[in-house]
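Here's the letter readout for the chains.
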Amino acid sequence: MSPAVPAEYSLILAGLLFVIGLAGVMVRRNLIFILLSLEIMLNAAGLAFVAAGARWGTADGQVMFIFILAVAAAEVVVGLALLLWFHHWHRGLDADSANEMRG
Amino acid sequence: MNTLFIIAGTIAILSAALAVSRINAVHALLYLVVSLLAVGVVLFILGAPFAAVLEVIIYAGAIMVLFVFVIMMLNFGGALAEEKRRLKPSAWAGPVLLTLILAVELVFVTCSGTKGVYRILMVSPTQVGLSLFGPYMLGVELASMLLLAGLVGAYHLARSIGPFRREERGRS
C-alpha cells in the first residue's frame, strides 16, 4: 500500500492551476471571469490539501478540502449577488468602471 | 496510475487555461466544468474518493449552476439566432473531447480491478467523517455559521434589487 503518485506531481499540478487562476484574476476585466478564476484558485488550494493528506495517509487533508468547499460556496453566493448589483448600477460587468466610491 | 494522473492533470490545466481565456462566458463555464471534473479524477487517483465525489457534486454541480443562473439572468443576448449560433459544433466539441478522455480514463480505472486503483492507499469516507465530527467539530460549526452568513447576505442583496427586476419586467 502506497500513495499512487509522488506528492511532487500533485503539488506541481496544484501550483499550475493556482497560477492560471491568478493570471485570470489579474488579466481579465469582466467580473464573471474574475469570480471564475477565483474558483480555479480555491480549487487548486483544495487539491494541494488533499495531496498533502494523501502523502501522509491521514483524513485531515480531506477535512480541510470540505472547509474550502464551504468557503467557496459562501464566496460565490455573495459574489454573484454583488455582481448583480454591479450590473444594476454600471450597466455592465467591466471592473474598471468601478473606479469611484458610493456607486 | 502515474500515466492516468498525468493525463487528467494535463486536461485540468488545459481546460482551466481555456476557461480563463474565452470571450464567451458560457464557453468558459463549459471548460471550467471540464477542469473541475478532471480535478475530481485526480483526487480519485490520489486516494480521496470522498473529496472526488464532493468535487463533482458541489463544485461541478451546485456552484456551476449558480454561475449559469446568473449568466442567464444577465441575459447576454438571449435571442433565438444567438442560441443557434452558440450551438454550432466548434462551441462544444472541445469540452466534449476532453470529457471523453476523462470518461475513458474512469472506465479504465473501474475495469482494472484488484490490480489497479484498489491497491493504492485510500482514505475512506468513514475516516473523514470520524475526523470531521471528532477533533474538527468546532470547524464544522464555524463552516455552518459561514454558510448561514452567506445565505443571509445573498438574500439581503437580492431583495434590494427587487424594484430593479420589476422595472425590467415592465419594460420588456
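Predicted model only: the values in this text are computed from it and were never measured. (Residues numbered from 1 in each chain as written. Chains lettered and ligands numbered in written order. Predicted model: local features only at pLDDT ≥ 70, side-chain atom pairs only at ≥ 80, totals over all residues.)

Student: Run through the overall build of chain B, naming residues and quoting values.
Tutor: Of the regular secondary structure elements, chain B holds eight helices and zero strands. When its helices and strands are written in sequence order, chain B yields α-α-α-α-α-α-α-α. Taken across its 172 residues, chain B has 29% of its residues classed as buried. In chain B, 65% of the contacts between residues at least 6 apart in sequence involve partners at least 24 apart. (Helix = DSSP H or I, 4+ residues; strand = E, 2+ residues; numbered from the N terminus. Buried ≥ 20, exposed ≤ 12 C-beta atoms within 10 Å, placed from the backbone. Contact = placed C-beta atoms within 7 Å.)

Student: Which residues make up the overall build of chain A, and what values go with them?
Tutor: Within chain A, the secondary structure is distributed over three helices and zero strands. For 103 residues, the compact-globule estimate of 2.2 N^0.38 gives 13 Å, and the C-alpha radius of gyration of chain A, at 17 Å, exceeds that figure by more than 25%. Structurally, chain A occupies a C-alpha span of about 55 × 25 × 15 Å along its principal axes. Looking at the 103 residues of chain A, the share that counts as buried comes to 44%. Considering only intrachain contacts with a sequence separation of at least 6, the fraction spanning at least 24 residues in chain A is 49%. (Rg over C-alpha atoms; globule rule 2.2 N^0.38 Å.)

Student: Talk me through the environment of Ser35 of chain B; I want residue IDs and the actual numbers.
Tutor: Along the chain, Ser35 of chain B falls in helix 2 (residues 25–45). The exposure class assigned to Ser35 of chain B is buried, which follows from the 29 C-beta atoms found within 10 Å. On a C-alpha basis, the gap between Ser35 of chain B and Ile7 of chain B in space is 12 Å, while along the polypeptide they are 28 residues apart. Sequence-distant contacts of Ser35 of chain B, that is, excluding residues within four places in its chain, are made with Ile40 of chain A together with Ala12, Ser15, Ala16 and Ala19 of chain B.

Student: Quick one: what's the story with the nonpolar core, residue by residue and with numbers?
Tutor: Grouped together as the largest cluster of nonpolar side chains are 74 residues, with contacts concentrated most on Leu47 and Val50 of chain A together with Val42 of chain B. Mapped by element, the contributors of at least two residues to this core are helix 1 (7–27), helix 2 (31–56) and helix 3 (60–90) of chain A together with helix 1 (2–21), helix 2, helix 3 (49–74) and helix 6 (125–132) of chain B. (Core = buried A, V, L, I, M, F, W, Y, C linked by C-beta atoms within 7 Å.)

Student: Lay out the interface of chain B and chain A in plain terms, naming residues and giving numbers.
Tutor: Contacts between the two partners involve 52 residues from chain B, matched on the other side by 51 residues from chain A. Counting only elements with at least two residues in the side of chain B that touches chain A, the list comes to helix 1, helix 2, helix 3, helix 6 and helix 7 (137–160) of chain B. Grouping the constituent residues of the side of chain B that touches chain A by class yields 43 nonpolar, nine polar and no charged. (Nonpolar A, V, L, I, M, F, W, Y, C, P; charged D, E, K, R; others polar.)

Student: I'd love a proper account of the confidence of the model for chain A, names of residues and values included.
Tutor: Of all residues in chain A, 93% have pLDDT values of 70 or greater, and the mean over the chain is 88. Per-element confidence in chain A ranges from a low mean pLDDT of 91 for helix 3 of chain A to a high of 93 for helix 2 of chain A. (pLDDT = per-residue confidence, 0-100.)

Student: Any chance you could break down the environment of Met137 of chain B for me, citing the residues and the numbers?
Tutor: Looking at the secondary structure, you find Met137 of chain B in helix 7. Under the C-beta neighbour-count criterion, Met137 of chain B is labelled exposed, with 11 such atoms within 10 Å.

Student: Would you mind going over the packing of helix 2 of chain A against helix 2 of chain B in detail, with residue names and values included?
Tutor: Describing two packed helices takes the angle between their axes plus the distance from one axis to the other. One can describe the packing of helix 2 of chain A onto helix 2 of chain B by two numbers: an axis separation of 11 Å at closest approach and a directional angle of 5°. By the criterion of interaxial angle, the relationship of helix 2 of chain A to helix 2 of chain B is roughly parallel. Across the interface between the two elements, Ile32, Phe33, Leu36, Ile40, Asn43, Leu47 and Val50 of chain A of helix 2 of chain A pack against Ala25, Ala28, Leu32, Ser35, Leu36, Val39, Val42 and Leu43 of chain B of helix 2 of chain B. (Axes fitted to C-alpha atoms, helices over the stretch in contact; angles between N-to-C directions. Parallel < 35°, antiparallel > 145°, perpendicular 65-115°, else oblique.)

Student: Residue-level account of helix 3 of chain B, with values.
Tutor: All names here are of chain B. Spanning 26 residues, helix 3 covers 36 Å between terminal C-alpha atoms, matching the ideal 38 Å at 1.5 Å per step. At Met64, helix 3 is deflected by roughly 30°, the largest bend along its length. The set of residues buried in helix 3 consists of Phe50, Ala51, Ala52, Leu54, Glu55, Tyr59, Ile63 and Phe67. Within two residues after helix 3, Asn75 carries a phi angle of roughly 60°, on the positive side. (Expected span 1.5 Å × (residues − 1). Bend = angle between axes of the 7 residues up to and from the residue.)

Student: I'd like a rundown of the confidence of the model for chain B, residues and numbers included.
Tutor: On average, chain B scores 82 in pLDDT, and the residues at 70 or more come to 81%. Overall fold confidence (pTM) sits at 0.85, and the ipTM for the predicted complex is 0.90.

Student: I'd like a description of the packing of helix 2 of chain B against helix 3 of chain B, backed by residues and values.
Tutor: Residues and elements named next belong to chain B. At a minimum axis distance of 8 Å, the contact between helix 2 and helix 3 shows a crossing angle of 170°. The angle between the axes of helix 2 and helix 3 places the two elements in the roughly antiparallel class. Contacts between helix 2 and helix 3 involve Ala25, Val26, Leu29, Val33, Leu36, Leu37, Val39, Gly40, Leu43 and Phe44 on the former and, on the latter, Pro49, Ala51, Ala52, Glu55, Val56, Tyr59, Ala60, Met64, Phe67, Val68 and Ile71.

Student: Give a detailed account of helix 2 of chain B, specifying residues and quantitative values.
Tutor: Residue and element names in this part refer to chain B. Between the first and last C-alpha of helix 2 there are 30 Å, a value that for 21 residues agrees with the 30 Å anticipated at 1.5 Å per step. Within helix 2, 17 of the 21 residues are buried, leaving the element largely enclosed by the surrounding structure. Once helix 2 ends, the next one or two residues include Gly47, with phi positive near 90°.

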